[in-house]
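# What the coordinates show
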Amino acid sequence: MTTLLLTLPAFSGEPAIGLASRIAMKHGITHVADFVSDLGVNWPHFQNGRQSAIEEFADIVGADCGLLARESFQPRPEGRFSFRGHLLDRPMAHRRAVRLCPRCVVDDDGRGGRLERHSRAHWQLAQFRTCPIHGAPIITLPRPSSLRYAMDFAQIVDNKFEFIRHEAATETFRTSHFETWLLTRLEGQKPDHWFDNLAISVVAQFCEKAGVALCFGAQASPGQLTEDQLAAATGAAFKRLTSSTQGFQPLLCEIWKNCPSSRGGYYSNFGNLWRWLLTVQSDQRYEPLVSEVAEFVFDNQPIPAGTFLLGQECRARRCHSVNSAAATFGLNTSRTVRLLKKMTEKGRILSVDEVEPLLSTLASHLPRVKAAKRLGVTPDMFDRFKHVGLVCPVFSTENVADLYSQHNIDDLRNAVFGQSVLVQGPPPGCSRIAAAASAASVKAEEIISMIVEKQLSFVGREQGAHRICDLYVNREELRDLAYGPAAWPPEGWLTIEQSRAALHLNTETIAWFMRQGHLPARRHWNERQRRHNRLIAEADLAVFSDRYVSLGALAAEARIQANHVARRLERKGIMPIDFPPNLNKVFLRDEAQPAEHVGRISSVKPN
């Protein structure tokens, strides 16, 4: 193929389309697209960086094909580009507008005029926003109305040169550590950074997306920010990566903590960064990044085992929320919130290693109501047991109901029921614990303490009885333990029952005599029965016996039926005193003349 006579040499870093633009200007051709087409080169292929079109153009202009191809964005499968031996993602390359450093272009013009002004291919990288040489912002020139002429560098710069000169005069300087690193990597060198083994696309795009989340919030999108803001955000993220010795973790942690959401989570905390990670998770170049991000989320979110995030599987749960912790151990959620109040003051995420040992222990204990049910008492009775020390909580803290050991509850129940014997119905002189407590005025919890300490010799249990208060105890034995041995009635006094037995009168007759004043009775407090009893003095009973004798006493002495004794006395003309007919018959002692001991108190002196 014939070599073009009027050609220009390619500058270092100049892409094929930039060289073509300058040659077209030298030939006086307005648009590079027309010039390339006139050379017989397929313009769309050349504009898109196709290798065949670049080779054909290089042969015509006598340029190094390999150099031009290396500095051009050449298409690759899945919408990617090859640039200087690196595989770049489509969003990294600006291909619809000219980008440049105004000071570099002005310097070029000063050296050799309009044909000296040349493009640098790395200016078209989306993340390249600051010139490392001048510290000046990379500017984007307005693109022509037709995309056919969008990358005509020489002509567009010539049209906007006054604007470029004005921008170059602006005294703006900003650091360019990220851009310096980017250029170094594009030249095939690897600075001494831990992330230099990762692809350029991975680091460059992550710095941009993570920087936006770090500086402007997780919901901020790069498209909403200015180039200056994006440059600052990318630089901030890059600075944190270079200072890190723990990979991406410190930067991820800082983004995570800066999230203002009250309902944090990996999707809301990472926002657009997470959505970008979802789009690149299948790319093997991003595998180290997505793997580390997924591990970070697994470490800081209550993710169940078996869940896949960013293509990574959570093999074991590492964190709990209050809800998941409660569900795992079958606990009430509100109770768990109170139990873990101190641990959740700074968030609701709980380390498995920190919370599971505690909750597994607590889950084996019983709250008050369940403990009472297992013991076989009402919750109120359980509280009384706690008051006397029969049961004690094994876990107690502020604003949380006490928890009780299931083992201790079972030991107490076994200690009570283990001493019981099966009975058929209530044994004589025995009552259920609740009734016995009322009869003896002894608290039920004190009776249980007596049983546990084996002070009661008898405890009865009916078949199928499961409640502690349904057990039988002997009332008199209980009174002996509570108030000491029986010492009733006091010396010199008789109960109504003893008086009735001494006089051989029934209760109704004794009561009538008491009401009539023949047998004075006084109220005395019975400590064992916890009530007042009416007692008759022995002296008053003796006075009564000196005056009267009952038919029952006479019959008992004669050992015959009372009606026979009554007929004998009647035949002698001895008649009973005219008392109401419903009372026992009583005679004057002087008329009946029984033996001295008959109807006297000495015959029934209590043991």
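One structure accompanies this document, and this report is about it. (Residues numbered from 1 in each chain as written. Predicted model: local features only at pLDDT ≥ 70, side-chain atom pairs only at ≥ 80, totals over all residues. Heavy atoms only, no water.)

### Concerning the layout of surface pockets
Its boundaries defined by the atoms lining it, the second largest pocket holds a volume of some 480 Å³. For the lining of the second largest pocket, the secondary-structure elements that each account for two or more residues are helix 1 (16-26) and helix 3 (43-47). Considering each element in turn, the lining of the second largest pocket owes the most residues, three residues, to helix 1. Considered class by class, the residues forming the lining of the second largest pocket number 13 nonpolar, eight polar and four charged. (1 Å grid on protein atoms, 1.4 Å probe; cavity = no way out; pocket = protein on both sides within 12 Å on 5 of 7 lines; lining within 4 Å. Points joined across faces, edges and corners; volume = space filled by probe spheres on them. Helix = DSSP H or I, 4+ residues; strand = E, 2+ residues; numbered from the N terminus. Nonpolar A, V, L, I, M, F, W, Y, C, P; charged D, E, K, R; others polar.)

### A short note on helix 14 (residues 272-280)
Every buried residue belonging to helix 14 is among Leu273, Trp274, Trp276, Leu277 and Val280, and all of these are buried. The arc enclosing the buried residues of helix 14, seen along the axis, measures out at 160°, which places them on a common side. (Buried < 20%, exposed > 50% of the residue type's maximum accessible area, 1.4 Å probe, protein only. Arc of directions from axis to C-beta.)

### Points about the side chain of glutamine 312
Looking at where glutamine 312 falls in the secondary structure, it is placed in strand 7 (residues 312-313). Look past the residues within four positions of glutamine 312 in its chain and what remains in contact with it is Glu287, Val290, Ser291, Ala294, Phe298 and Thr307. (Contact = heavy atoms within 4.5 Å.)

### Considerations on the nonpolar core
Ranked by size, the top nonpolar core spans 68 residues in total, and within it Leu100, Trp123, Phe206, Phe270, Leu277 and Leu289 carry the most contacts. Residue contributions to this core peak at nine residues, all from helix 10 (residues 200-216). The contacts of phenylalanine 270, once residues within four sequence positions are left out, are Ala218, Leu252, Ile255, Trp256, Gly265, Val293, Phe296 and Val297. Listed in part, the 32 residues of the second largest apolar core include Ala371, Val391, Leu456 and Val459. (Core = buried A, V, L, I, M, F, W, Y, C linked by side-chain atoms within 4.5 Å.)

### Let's talk about the pattern of salt bridges
Considering all chains together, one arrives at 38 salt bridges under this definition. Glutamate 71 is the partner of arginine 70 in a salt bridge, and the nearest nitrogen-oxygen pair spans 3.3 Å. Residue arginine 70 is classed as partly exposed on the basis of its relative accessible area, which comes to 36%. Glutamate 71 is paired through a salt bridge with arginine 84; the nearest N and O atoms lie 2.9 Å apart. Placement of glutamate 71 in the loop between helix 5 (65-70) and strand 1 (74-76) and of arginine 84 in the loop between strand 2 (80-83) and strand 3 (86-88) is noted, with a sequence separation of 13 residues between them. Members of the salt-bridge network, linked through shared partners, are Glu78, Arg80, Asp89, Asp283 and Arg285. (Salt bridge = Lys/Arg side-chain N within 4 Å of Asp/Glu carboxyl O.)

### Structural notes on a positive patch on the surface
Among the surface-exposed residues, Arg567, Arg568, Arg571 and Lys572 lie close enough to one another that they form a single positively charged patch. For arginine 567, the location among the structural elements is in helix 29 (residues 562-571). (Patch = residues over 30% accessible without salt bridge, like charges linked within 9 Å, V, L, I, M, F, W, Y side chains within 5 Å. Areas by Shrake-Rupley, 256 points an atom, 1.4 Å probe, with all protein chains shown as cover. Lys, Arg positive; Asp, Glu negative; His and termini not counted. Charge placed at Lys NZ, Arg CZ, Asp CG, Glu CD.)

### Details of the environment of aspartate 540
Looking at the element boundaries, aspartate 540 is found in helix 27 (residues 538-547). Separated by 19 residues in the primary sequence, aspartate 540 and alanine 521 place their C-alpha atoms 8.9 Å from one another. Residues in contact with aspartate 540, not counting those within four places in the same chain, are Leu519, Pro520 and Arg522.

### Re the packing of helix 19 (residues 368-375) against helix 21 (residues 406-417)
One can describe the packing of helix 19 onto helix 21 by two numbers: an axis separation of 9 Å at closest approach and a directional angle of 30°. Judged on the interaxial angle alone, helix 21 and helix 19 are roughly parallel. Here helix 19 runs over helix 21; the crossing is right-handed. In contact with Ala371, Arg374 and Leu375 of helix 19, helix 21 contributes Gln406, Ile409, Asp410, Leu412 and Arg413. Along the lines of polarity and charge, the residues of the contact of helix 19 with helix 21 split into four nonpolar, one polar and three charged. (Axes fitted to C-alpha atoms, helices over the stretch in contact; angles between N-to-C directions. Parallel < 35°, antiparallel > 145°, perpendicular 65-115°, else oblique. Left-handed = near helix turned anticlockwise from the far one by under 90°.)

### Considering the packing of aromatic side chains
Counting across every chain of the model gives 26 aromatic pairs. With a centroid separation of 4.7 Å and 50° between ring planes, the pair formed by tyrosine 266 and tryptophan 274 is classed as tilted. Overall, the relative accessible area of 23% leaves tyrosine 266 in the partly exposed class. You can call tryptophan 274 buried: its relative accessible area is 2%. Consider the rings of tryptophan 512 and phenylalanine 513, whose centres lie 5.5 Å apart with planes at 70°: the pair is edge-to-face. Here tryptophan 512 and phenylalanine 513 have matching classes, each one buried. An aromatic cluster is present here, built from Phe178, Trp181, Trp194, Phe195, Phe206, Phe238 and Phe248 joined pairwise through their rings. Seen from the ring of phenylalanine 161, arginine 117 lies directly overhead, with NZ or CZ sitting 4.3 Å from the centre. Over the face of the ring belonging to phenylalanine 417 we find arginine 413, whose NZ or CZ atom lies 4.2 Å from the ring centre. (Phe/Tyr/Trp six-rings, centres within 6.5 Å; stacked < 30°, edge-to-face > 60°. Lys NZ or Arg CZ within 6 Å of the ring centre and 35° of its normal.)

### A word on the sheet that holds strand 2
Strands sit in the order 1-2-3 across an open sheet of three strands; the sheet is antiparallel. The open sheet has two free edges, formed respectively by strand 1 and strand 3, since each of these has just one partner strand. Across the sheet, the axes of successive neighbouring strands diverge by a mean angle of 35°, strand direction being ignored. (Pairing = 2+ DSSP bridges.)

### Regarding the pairing of strand 12 (residues 400-405)
Taken across its six residues, strand 12 has five buried, putting it largely inside the fold. Relative to strand 12, strand 10 (residues 365-367) is paired through three bridges, and the arrangement is antiparallel. Across the sheet, residue histidine 365 finds its bridge partner in strand 12, namely serine 405. The pairing of strand 11 (residues 395-397) with strand 12 spans two bridges and is antiparallel.

### Structural notes on empty space enclosed by the protein
Under the criterion given, the structure shown has one cavity of 30 Å³ or more. When its volume is computed, the largest cavity comes out at roughly 50 Å³. Around the largest cavity, the lining residues are Leu503, Leu505, Phe544, Tyr548, Val549, Ser550, Val586, Arg589 and Gly599. Top contributing element to the lining of the largest cavity by residue count: strand 20 (residues 548-550), with three residues. Looking at the lining of the largest cavity residue by residue, the class counts come to six nonpolar, two polar and one charged.

### Here we look at the state of the cysteines
Inspection of the entire model under this criterion finds zero disulfides. Cysteine 104 supplies the cysteine sulfur nearest to cysteine 101, a cysteine that is in no disulfide, at a spacing of 3.6 Å. Just so you know, cysteine 131 is unpaired, no disulfide at all, and the nearest cysteine sulfur is the one on cysteine 101, 3.6 Å from it. Here cysteine 131 falls in the buried class, since its relative accessible area comes to 2%. (Disulfide = S-S within 2.5 Å.)

### Some thoughts on the sheet that holds strand 12
The three strands lie next to each other as 10-12-11, forming an open sheet whose pairing is antiparallel. Each edge of the sheet is formed by a strand with only one pairing partner; in this case those strands are strand 10 and strand 11. Neighbour-to-neighbour, the strand axes of this sheet turn through a mean angle of 30°, independent of strand direction. Across the sheet, helix 18 (residues 352-363) touches strand 10, strand 11 and strand 12, and the angle it forms with strand 10 is around 65°. Along the sheet, helix 19 contacts strand 10 and strand 12; its crossing angle with strand 10, the most-contacted strand, is approximately 105°.

Nothing here speaks to function; it is all geometry.
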